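This is what each chain is made of:
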Amino acid sequence: MQIRTRLWLGVGASLLVGGAAAAADIPRTDDDARFGLPQAAQPQHPVQVAQGGEGGEGGEGGEGGEGGVSASDAAKDPVAFLTALDVIAAHYYAGRDAYREGEMQAAGEMFAHPIGEIYVDLEPVFQARGVPAFLDEMSRASELALAGRPVEEVTAAADKVLGILHKAAGKAPDGAATPLAVEASVLADMIDRAALQYLAATRTDALEPYMDGYGLLLAARDRFVAIRPQLAKTDPESAEQVTAALELLSKAYPTALRPADMPVEPGSLLAETSRAKIALGRITR
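Residues numbered from 1 in each chain as written. Predicted model: local features only at pLDDT ≥ 70, side-chain atom pairs only at ≥ 80, totals over all residues. Heavy atoms only, no water.

Asker: An account of the pattern of salt bridges is needed here, citing residue identities and associated values.
Answerer: Inspection of the entire model under this criterion finds 13 salt bridges. Close ionic contact of Arg140 with Glu153 constitutes a salt bridge, the shortest N to O distance being 3.8 Å. Here Glu153 lies in helix 7 (residues 151–168) and Arg140 lies in helix 6 (residues 135–146), a separation of 13 residues in the sequence. You can call Glu153 partly exposed: its relative accessible area is 24%. The shortest N-O distance in the salt bridge between Lys277 and Asp192 comes to 3.5 Å. Taken as a pair, Lys277 in helix 11 (residues 266–280) and Asp192 in helix 8 (residues 179–201) lie far apart in primary sequence, 85 residues in all. Note on Lys277: relative accessible area 23%, which makes it partly exposed. Through salt bridges that share partners, Arg96, Asp97, Arg100 and Asp159 make up one connected network. (Salt bridge = Lys/Arg side-chain N within 4 Å of Asp/Glu carboxyl O. Helix = DSSP H or I, 4+ residues; strand = E, 2+ residues; numbered from the N terminus. Buried < 20%, exposed > 50% of the residue type's maximum accessible area, 1.4 Å probe, protein only.)

Dropping the structure here:
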């Protein structure tokens, strides 16, 4: 109750603030060029995870909320734990990049969403796993964005949350599966969520489903970059299928802001991402 009260008095109240911000000129990395992304999804991280089991599935946002993110599952299942971290991270990737494009209000709200939707329920799980509370850092990113602070200040606040999430990945619970199988399950889930969000975005003019999907793409891409060498060695075909899926997702989400015309046919995107999901499912558990 104390956490929820702080949420509503802090970030909730700040949603009344509006404004605009200038976009930043962010250099591209080699991986950005590879997947057609407009700018770097930083900071990247080598994922550290204990061995674990399977997680749930489900689209994010318009296709079913933070589907599959369960506190009880995250407490014992590394896939659920890492999925929760990645869905939070997706909001900060999307909000950060949208802010750079001048979408101040949308960015602030994007930073705020996972606080009430995920963090509040999972904070006891994080703390039990040795992850220090980071509600204040999440709230600060939202408040700075909604207050129209300079781009570099908001970017630093978002990247601070991303850094915390990346460190928290090393606190995932133990389980029975191999680390690569855990990573593959989380990656498959992020790819699936991104595709489902694109489908949702084609059914509405709202910006949020598109931004959600864009962030999920960056979360998936970040995790793939970290495991790609091992995945390519273990199952080259899976690595190729994931690469193809991420390339098409990158075309579907060319920037953090929704394009006037959705650039990819949803059916072809769902088919491509389904092939990647099936390929990742072959990784030995």
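Asker: Talk me through the packing of helix 4 (residues 78–100) against helix 6; I want residue IDs and the actual numbers.
Answerer: Running from amino to carboxyl end, helix 4 crosses helix 6 at an angle of 20°, the nearest separation of the two axes being 12 Å. Taken together, helix 4 and helix 6 sit at an angle that is classed as roughly parallel. In this structure, helix 4 crosses over helix 6, and the sense of that crossing is left-handed. Only Met138, Ala141, Leu144 and Ala145 of helix 6 make contact with helix 4, whose side of the interface consists of Ile88, Tyr92 and Tyr99. Split by residue class, the contact of helix 4 with helix 6 holds seven nonpolar, no polar and no charged. (Axes fitted to C-alpha atoms, helices over the stretch in contact; angles between N-to-C directions. Parallel < 35°, antiparallel > 145°, perpendicular 65-115°, else oblique. Left-handed = near helix turned anticlockwise from the far one by under 90°. Contact = heavy atoms within 4.5 Å. Nonpolar A, V, L, I, M, F, W, Y, C, P; charged D, E, K, R; others polar.)

Asker: So what about the packing of aromatic side chains? Which residues, and what values?
Answerer: Summed over all chains, the structure comprises seven aromatic pairs. With centroids separated by 4.9 Å and ring planes inclined at 20°, the aromatic side chains of Tyr92 and Phe111 adopt a geometry described as stacked. Here Phe111 lies in helix 5 (residues 104–128) and Tyr92 lies in helix 4, a separation of 19 residues in the sequence. You'll find Tyr92 and Phe111 in the same group, each marked buried. (Phe/Tyr/Trp six-rings, centres within 6.5 Å; stacked < 30°, edge-to-face > 60°.)

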